[in-house]
Structures are given as structure tokens and as C-alpha cells.
Amino acid sequence: MHTQDSTTASPVATSPTSGTPGIPPFRYTAELAGRIEQRWQDLWDERGTFHAPNPSGSLGDGAGERPAPDAPAYFLMDMFPYPSGAGLHVGHPLGYIATDVVGRHRRMCGDNVLHALGYDAFGLPAEQYAVQTGQHPRTTTEANIANMRRQLRRLGLAHDPRRTFATTDTDYVRWTQWIFLQVFDSWYDEAAPRADGGTGRARPVSELLAQYESGARPTPDGRPWSELDEVERRRVIDPQRLAYVSETPVNWCPGLGTVLANEEVTAEGRSERGNFPVFKRSLRQWNMRITAYADRLADDLDLIDWPEKVRAMQRNWIGRSEGAQVVFTVLGGGELEVFTTRPDTLFGATFMVVAPEHPLLDEVPAAWPDGTRDTWTGGHASPAAAVAAYRTEAAARTAVERQADTSKTGVFTGHLATNPVTGTAVPVFTADYVLMGYGTGAIMAVPGGDERDHAFARTFELPVVHTVLPAPDSEVPDGPYTGDGVVVASANDEVSLDGMDVATAKSTIISWLEGRGAGTGTVTYRLRDWLFSRQRYWGEPFPIVYDEHDLPIALPESMLPVDLPEVPDYSPRTFEPEDADSNPEPPLGRNEEWVHVTLDLGDGPRTYRRDTNTMPNWAGSCWYYLNYLDPSRRETVVEPSLEQYWMGPEHNATVGASGGVDLYVGGVEHAVLHLLYARFWHKVLHDLGHVTSVEPFHRLFNQGYVQAYAYADSRGQYVPADEVEEQTSEDGSVTYLWQGQEVRREYGKMGKSLKNVVTPDDMYEAYGADTFRVYEMSMGPLDLSRPWETRAVVGSQRFLQRLWRNVVDEDTGDLTVVDADPDAATLRLVHRTVDEVRTEMDAMRFNTAIAKLIVLNNHLTSLDRVPRAAAEVIVLLVAPFAPHLAEELWERLGNTESLVRAPYPVADPAYLVQETVTCVVQVQGKVRDRLEVPPDIGEDELRELALAAPGVLRSLADREIRTVVVRAPKLVNVVPV
RNA sequence: GCGCGAGUGGCGAAAUGGCAGACGCGCCAGGUUUAGGUCCUGGUGCCCUCGGGCGUGCGGGUUCGACUCCCGCCUCGCGCACCA
């Protein structure tokens, strides 16, 4: 099928390795490995070996063929890299090698494997690196990508080279902007039925317009749609879009010069990137209505095969909690709505608390009401003064201070409200332990059932009523009781909860409240809408312009992509990190000619103002998996038949009803951010009919990190780790020396600052790529973090050297295998190894798979001559790990076709049966003897043999036997009295 | 505080109810070469009176038998945290 080329005709490795005294000319050294590896990398490229065929369209396999109809489609992905200027260290390829091993293995098992790698190239580091080097971000980004491609190509990854791209490519940006427009042009219809049986999905805005036009949906002020003018109509529609502009409190980070999403702000109120302070500012920004999908994002976690840890983190972030909204009437007019997860404790609500930002505080009673205690007023003469002072005080506290200090501060507002079940008036306080951004910004406080409310009640001398006790006759505890139990003291003339458990009491009181119009059962979420605009240069521009009404207008598809303009200075305008009053200043605004543009959007040429924000870095990674399916110029975001073939529900035997990428490998650091955003976009695309899969990533695997030792001298300065020598003294203690002085060992991330970087290039140079691959895969389980130890790499090199020597003569380069049949022991070991390695490969336990290959290889080494049949099997088994060496040996063994699609060996069960089995004979659980027995030995016979074994007799002495446990043929346990 | 994960030789690790430490590094001894290194072979948990004894963070339990299952605790790592 492939034409033989000149490179194949004279294999590089038939020429001796360059003469080093004492080293046989055909030894598998780093140098020979390097020549073999580069030869095969070139051959794979020339032949299109890893071209994954699409079932239709322009992409066939290396010979232009379509996939075999019975080949399962297997879509394999890595979290794509960010091409930083620093290049790769040996930790980065860990996941790429692992997915490559999976892909090569699946390919040998007959799957049509789609595996490619793109680059996530917009974003802050590229921009900062460009500013540092004084070059355009595109220039530095492209140089970084080129360097990373070179480093990764040398690893021999079996990627389809036709499917690579960068998120910064104009063709890609076009579709990112196109998806934004889809989101902009959609609204969420809570009532629309879905194929999966649920209700609620995104629909095109045109269908919302149709509802208004027909009168099926009333306008907000009740006027007929036809009476609204164009601007009024847009003001009705625009806020309902899934992508909308709104003036809301956002996270403003002066140190970065941009606003940030909630997900990009740490619990300490600092930016995840750069660790700068973040301030709440009310600014007009783009948001995406991810909250509309909160339920589905939480529920559909059950459909996918992800680590429980990541699913828990997403559930936690979405933060769904079920409870009730309860309305309290405020004395003197108005209502105060609270959210509670414990409506069953309503009879114990003895006061209320609202957040300092709560609108109820905009008007407060003129004087303190009767019954006001001195401790409640904060020493102020009137509620207005007290509230104003507390609001100022609270606003001055940063999130960090709020968190650090859990003591309860607050002040009485002068308002009283009526508890709807008891009819009593309770005081309304304001305190900053209640957050405006959650629920309704107001709570009913139940000091008998909540730790925080109890602490507040204690500080302000408020009454405590317990309405739940562990048991009916329990003593009333000093503190709050938050557990399940029995409800007490909770009855009025119409309803009694007394004697119920918490769950029954909840549903009972919710029905009662709903009947009276005093409350409803509701669900709230911690998840907020996704703040989607950034004030940066190096990102996707919004395909949006504004007219004279300052309302957004989507550019038509024909005007995509909107390219980044040239600007005099693309560095972000940053501020003093603590300067909360500064304002964001988008770099795109520096090009006046670009910002003010004359366009014909259907009603003749008019002047518009462009949106000068850019999209967050996450935009590009929200849909890149779809681009792998067909990265060429195309008419749709993804060809439906390709999406169904590679990602659709049930596209193979394992993907299940969710569909999605079959295996997605990456670090756990994206557990919430990237993975939540991508799921959201995917569901929007699903609702709009662009994809059939419900989830983008069916199986997620988090690989561990490669970390490294670092060494510091007595002054705390780091010294180059590769120059440190280890010294073991006679008492066994270990010291580390650098240039004769003792240094202290630490453990941490690999990086320039710790002077402990080891690069893949170092490894190619010293050992070759195959050895590096085998070492990384044999270090331990893939999901565990592990320390890098360069000196241990030699073990993997010895393994491959022995394998080479088992097939090729080191002195002559001749083939050494013999055509004789393997002996019985070899045959059994070969088949057992095949069987065990298959199991390990399927479970992604590559470290133990390699261990078993080493055992087989060591056995072959012990033979005088290696039988060809055994050599062929081990070469095929080792191929996913050391593909270049395997191809070379495979070819030397006389095969003319690459082994990339050779069938993965299958064990013959006939050879898995042992001739004899070692039976362990225990006395009271301790091993006292061993017997060699036939595998089909009977229980009675084995018992007799065991009881006569010398070790058993010695150990038993004269003790009587109570019982004998026989598990033929492997174990007998004799239990004495 | 809540949730999740981990704890086994000098080191990375293996064994998921049945021989604890596969495989690799390091270390020790020997061989080839000989200047060293590479490479090859063997050994290597601790103690020992060579019978055996002890040993998987600590304490208890279940079992004929526990690294493995159950209960309690300790240490480390990760996530969340005034979310009503």
C-alpha cells in the first residue's frame, strides 16, 4: 500500500554507530535511538500514517481511504497546551505520552483513532511575554508554537498533523465569534420540552420575537408588541439573550487591568493569575447566562465518566440548594423575602438579617421603635445613622477581612417584620455575614438551628428558640442543634409540625405557605452568570457593534471574522493593584479608526461603534474539540455527520448516551473553569441543533504532575540541581553537595526559579525519545504525582537495549532471532504476558504493563537464541510505548508494513494453563511449606499432601487440628485447636 | 469546620480477602573491559542462635486467613468554606 522510498531502502540503523571505543558498533545507544526515531518520524509523515479518516469530506487516511465500516470510532484528546515562551520541561509531555500510548494501543485493536493537538494561544501570558520582548503577540505566539511543535514531534506522537491549529488562527477565530453570535441570538425557554424528557432549552431569538408578535407572550408593560418602537423592542429582547450586556457588580482587578469571572477569583478575593486584589465594581460588561443551565450542568454529571473529585467540585461550584422563599411583611409597609433551606424551622425565626447592600435599607424608620435594646443601636441616635455607619464600615472591609473575621457584627435597622407562622414582630438587623449575592440577600435567623445565627443572637442578646431536638425527650441544648430529629414548639391555629421529622416538616410547611401566598418551594444556586468580557488585546474581538442608542447589534456572518486591529500599544493598561477606583481601559479602544466604523447592516451605510472588549481566554478552549473533527474551511461549525461519527451518543460501545470525546486527559486545575464553560457551550450548541452529543467529554482522566527536587545553599539560594551530588555516609544518612558545600534538598514544581528544569531535549540527547517515553510511563500510576529522577532513566534504557540485543547483534547489526519453535516455558510466558498486558493496557496501568514486558524480555535474554515468534510478540506489545524501536525491529524481522495497525497480540488460553501450581500451605494463616501440584488436583488429595508436608508437621508439633481450609490448587490453611 | 484522596524497603512503586515488597533506581559482590565508565551475572525489608521471629501510619474489630473489609485516631496533600 505504501511505496518504498529511499530512506526505507537503506535503513539508517544498518550503518554502525559512530565509533566510540569500547562500545559495540550496533549498540542501542542514544545516538542510534535518535537516528532510528527521526527516520520513523519522517516516514510516518511521508506516508500519512496517522491520518485519521473521516467517513466523509476531504480527510481520508494516508492512502485517501475511508474508515473500515466495522472500526469503532475512538476520539482521544489532551487538554491542549498553552505555548509559553519557556518551552517544555519533562513534566509537560506526561499526559501526551499517555494518550499516545492509548491511541496506538486502540489503533492496534482495530479502532479508528482520532488524535491531534492544537494550541490555546490567546491570553495573558502570551501578551505579557510579547510586552517583555517588545514584539507583537502574534509573532511570539507563532515562534512559541513552532518550538513546541518541534519538541513534541521528536517524541513521536501519533497525531494527525492535518488537524492541528491554534485558537489564534483567523479561521478558528471566525467560528469562535460565530458561536458567540449563536449564544447572543438565543434565549432560554424554561418551559420548552427537551428530548431527554426535561424542560428548558435554548431557542433562537427569532422564536421569542414570534411569540411577542403573535401576542402569545405579553410584553413587560402589557402594551401590544406592535405599539413598541424598535428601541423599546430591543430593550425587551436584549436582556433575555444568553449573551447579554448588563451593568452589574463585577470583579475588577486593577493589577491586571481587566475584569474577571467569579471562577478566576480565589476565595481570598484575589486574581487566580497574578494574585492581585480584586474589587467589586459596578460596570457594564458582557455576561453569559450559564445559570440557566445550572440544573442540567449538575444533573448531567451523572451521565459522564469523570473522577468523583471533579464532579464534586463542579456540583459544589454550581451549589444547588433546595428550600423555600418566605415572605415576611414589614411593619409600616413593604415585604421582605428570604431564602431558607430550613423552612421547617420557621417557628424558631426570632429575628431577620439583611445584607448591608440590601435595598430595604434605603429607607428606614425615623426613630428606634419600642423595645430596642442599647446593644442593637451601635450607639447611634437613629436607625438611619446606624445603618449608614454600618454600611460604610462594611463596604470598607475587603473579602479577605470578612472571611478572616467570623465574629458577628451588625446593627438593628429599626424595621420590624411579621413572622408569617407565629404572627409576632421580629427585629430586622443588617450584618455582613449575610451576602447580597446569594439567595435574596436576606435571611430569617434561627439561632436555635444555625451556628451563625446563634453566634449573632448571643452577641445581640436575641431570643433563642429550639424547634428541632434529637429526640422528643431530649434536653434543650445550650447551643444550636443543626441535625435531623423531631420538630417541637412549631404549631399555630392552622398547622402543626410537632412530632414530624425534618423532611416531612419541610414539605408540610411549604404547602401551607404556598396556600397562603406567603412563600414557595424554590431552588437557588451559588453559580453566577459568566462574566465574558476582558479589557485586553490578545483575545477574540466581539463581533458586535453599537448604534446611537448604545444597544448591541450582531454583525452578520458574512462579516466574520472580526480581526484584531493594529494598535499603537497592545499592553494592557494596568493600575496600582490597590487602586479600586481605577477604570478598565481596553487596548482595542486605542485605534479610533477601527472603533468607529461605517457599515451597511441592511439600512444603508451608517456609523457604528465597535465593542472594544475581547473574549476571555476560555472562549477558544470551549469548543476546540469540534474543530479537530474537520479543521478545514467549512460552511458549518461542525459537519453533523462527523459529529455523530466521532462524538455522537453510542458512537461506540463505551461512550453511552451522553456521547462526547472518548478520553480526555489533563490536569485537575481545570476542574471548574474550562470544563464547566465547555460543557455550557456544548449544551447551547446541542439545544440549537448543532451537535447530537449531550456532553463534550465522556471520560475525563486527571494525570498527576511531575515534580522535582531543588537544592538551596546555606543562604537559601538555589543551586543548579543537575550539579548536586548525593553522598551516603556510613551510618546511612544522606547529604547533598554542590561544589563541595552542603545544600538542603526541597521538593516542588519544575521551574527556572528553582533551577531544577530538565527538558525533553535533554532526554532525547542523553537517551532518545523511546527511553524517555518508557521511563515516564513506568514511573508509577498515571494519576499520581511523582518526583523526576534523571539517574533512574537508565533503567528504561537498559530494558530497550536488552530488547534490541534480543533481536539484533550489537557487533554486526545482523538479525539474531531463530525460526525454531519456542520452548514450552517461553511459550507459556509469552501468552501469559500477552494476557496480563492486555488487562493492564485496558485499565491504563502502564507502569505494571511495562513491568510485565520487562519480565518477558529478561526471560528472552536468558535464552541462547530468541525464537522469532516470541520476538514478534514482544515487539508488538512494546510498540505503544517505544514505537520507533518497535517499528525498526518489526521491519528488521522482515515485515514490510508498519506495525501501527498490526493486530495487537491475543493470548491462546491453552497456554495460560500452568503445568504445575505452587500451593501455599499455611498453619494458622502463616506460610509453613509449599507444594508443587497439578492445577486440577482434588481437594481431598491436596489436604492429604498438605497435612503430610514437613513444614506443617514441624509447626503443628502435637497440636490437634480443628479445621483445614482447602482452596485447590493454590492454598491450604491448617487451623490447630 | 466540611468533603475527597493518600500513608508499604534507602527511593519510585507492586499486590483489592489467600506466598507482602513484582518491576525499576540505588547499594553490595563477581565477570568483561581494564584507567574509569558502559555492558553482563548474582544478591539486596529488618532481626536471628539458621529452627525461626518481626514487618504495610497508630489502636481496636470481622475472618481459617487482612496492605486489602469495618470502627476509632494520627499525619500529609487537594478542594470548599459566614452560601442561609
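Use the structure listed above.
All figures in this text were calculated on a predicted structure; none of them were measured in a lab. (Residues numbered from 1 in each chain as written. Chains lettered and ligands numbered in written order. Predicted model: local features only at pLDDT ≥ 70, side-chain atom pairs only at ≥ 80, totals over all residues. Heavy atoms only, no water.)

Participant: Honestly, the pairing of strand E33 (residues 971–976) in this entry has me stumped. Any pointers?
Facilitator: Across a regular strand the side chains alternate sides, sitting on one face of the sheet and then on the other. Among the 6 residues that make up E33, 5 are buried, leaving the element largely enclosed by the rest of the structure. Hairpin connection between strand E32 (residues 961–967) and E33: a loop of 3 residues separates the two successive antiparallel strands. (Buried < 20%, exposed > 50% of the residue type's maximum accessible area, 1.4 Å probe, protein only. Helix = DSSP H or I, 4+ residues; strand = E, 2+ residues; numbered from the N terminus. Pairing = 2+ DSSP bridges.)

Participant: Where do I start with the sheet that holds strand E19 (residues 552–554) in this structure?
Facilitator: The strands making up a sheet associate through hydrogen bonds between their backbones, and the pairing can be parallel or antiparallel. Read from one edge to the other, the open sheet built from 4 strands follows the order E19-E18-E21-E20, with strand pairing classed as antiparallel. Taken across any chain shown, the strands that pair with only one partner, and hence form the sheet edges, are E19 and strand E20 (596–600). For this sheet, the mean inter-axis angle between neighbouring strands, taken without regard to orientation, is 50 degrees. (Axes fitted to C-alpha atoms, helices over the stretch in contact; angles between N-to-C directions.)

Participant: I'm lost on helix H20 (residues 673–687) in this one. Help?
Facilitator: Turn by turn, an α-helix covers 3.6 residues, leaving residues three or four places apart pointing in a common direction. In a regular helix each residue adds 1.5 Å, so 15 residues correspond to 21 Å; H20 covers 22 Å between its end C-alpha atoms and thus fits that length. Backbone geometry just downstream of H20 places Gly 689 in the positive-phi region, at approximately 85 degrees. (Expected span 1.5 Å × (residues − 1).)

Participant: I would appreciate a short explanation of helix H15 (residues 502–516) in the present structure.
Facilitator: The terminal C-alpha atoms of H15, which comprises 15 residues, lie 21 Å apart, in line with the 21 Å expected from a rise of 1.5 Å per residue. Among the residues making up H15, those that are buried are Val 502, Ala 505, Ile 509, Ile 510, Trp 512 and Leu 513. Along the long axis of H15, the arc covered by the buried residues comes to 165 degrees, so they all point the same way. Exposed residues lying more than 90 degrees from the buried face of H15 are Ala 503 and Gly 515. Buried positions along H15 lie against strand E8 (321–330), strand E14 (468–469), strand E15 (486–487) and strand E16 (519–524). Put simply, Asp 501 is the residue that caps the front of H15, since its side-chain oxygen is 3.3 Å from the backbone nitrogen of Ala 503. (Arc of directions from axis to C-beta. Contact = heavy atoms within 4.5 Å. Polar contact = N/O pair within 3.5 Å; in protein donor to acceptor, adjacent residues only side chain to side chain.)

Participant: Help me out: how do you make sense of the protein's contact with RNA strand B in this one?
Facilitator: Among the 53 residues in the neighbourhood of RNA strand B, the closest are listed as Thr 341, Tyr 438, Arg 452, Arg 798 and Asn 973. The sugar-phosphate portion of RNA strand B accounts for 66% of its atoms within 4 Å of the protein, the bases making up the rest. Between RNA strand B and Met 779, the relevant distance is 2.7 Å, taken from a sugar or linking oxygen to a main-chain nitrogen or oxygen of the residue. One of the side-chain nitrogen or oxygen atoms of Asn 973 is found 2.4 Å away from a base oxygen of RNA strand B. When residues of the surface near RNA strand B are assigned to their parent elements, the largest contribution, 7 residues, is made by helix H25 (residues 846–862). When the residues that make up the surface near RNA strand B are grouped by side-chain class, the tally is 21 nonpolar, 14 polar and 18 charged. (Near = heavy atom within 4 Å. Nonpolar A, V, L, I, M, F, W, Y, C, P; charged D, E, K, R; others polar.)

Participant: Just checking my understanding: could you explain the packing of helix H24 (residues 824–842) against helix H26 (residues 868–878) for this structure?
Facilitator: A packed helix pair is summarised by two numbers, namely the angle formed by the two axes and the spacing between the axes. The contact between H24 and H26 brings their axes to 11 Å, and the two run at 15 degrees. Looking at the two axes, H24 sits roughly parallel to H26. Taken as a pair, H24 and H26 cross one another with a handedness that is left-handed. Contacts between H24 and H26 involve Thr 826, Val 830, Thr 833, Val 834 and Val 837 from the former and Ala 870, Val 873 and Leu 877 from the latter. (Parallel < 35°, antiparallel > 145°, perpendicular 65-115°, else oblique. Left-handed = near helix turned anticlockwise from the far one by under 90°.)

Participant: Explain the packing of aromatic side chains here, please?
Facilitator: Aromatic ring pairs are defined here through the distance separating the ring centres and the angle between the ring planes. By the definition in use, this model includes 47 aromatic pairs. Relative to Trp 623, the ring of Tyr 172 lies with its centre 4.3 Å away and its plane at 10 degrees, an arrangement referred to as stacked. Of this pair, Tyr 172 sits in helix H6 (residues 170–184) while Trp 623 sits in the loop between helix H17 (618–621) and helix H18 (624–629); the two residues are 451 residues apart in sequence, bridging distant segments of the chain. Residue classification places Tyr 172 among the buried residues on the basis of a relative accessible area of 2%. For Trp 623, a relative accessible area of 0% gives the class buried. An angle of 75 degrees between the planes, with centres 5.9 Å apart, marks the rings of Phe 846 and Phe 881 as edge-to-face. One end of the pair, Phe 846, is in helix H25; the other, Phe 881, is in the loop between H26 and helix H27 (883–892), and 35 residues separate them in sequence. (Phe/Tyr/Trp six-rings, centres within 6.5 Å; stacked < 30°, edge-to-face > 60°.)

Participant: Where do I start with the environment of Arg 402 in this structure?
Facilitator: Among the structural elements, Arg 402 can be located in helix H13 (residues 399–404). Among the residues examined, Arg 402 registers a relative accessible area of 22% and is labelled partly exposed. With 134 residues separating them in the primary sequence, Arg 402 and Glu 268 have C-alpha atoms 9.7 Å apart. Those residues in contact with Arg 402, other than ones at most four positions away along the chain, are Pro 356, Glu 357, Arg 397, Asp 432 and Leu 435.

Participant: Would you mind going over the environment of Tyr 546 with me for this structure?
Facilitator: Topologically, Tyr 546 is positioned in strand E18 (residues 544–546). For Tyr 546 and Val 259, which are 287 residues apart along the polypeptide, the C-alpha to C-alpha distance reads 21 Å. With near-sequence residues (within four places) excluded, Tyr 546 lies in contact with Val 245, Arg 284, Trp 286, Leu 551, Pro 552, Tyr 608, Arg 609, Arg 610 and Asp 611. One polar contact links Tyr 546 to Asp 611, side chain to side chain, over a distance of 2.6 Å.

Participant: Which parts of the structure should I look at to understand the environment of Ala 851?
Facilitator: One can find Ala 851 in helix H25. Taking the C-alpha atoms as reference points, Ala 851 and Ser 84, separated by 767 residues in sequence, lie 35 Å from one another.

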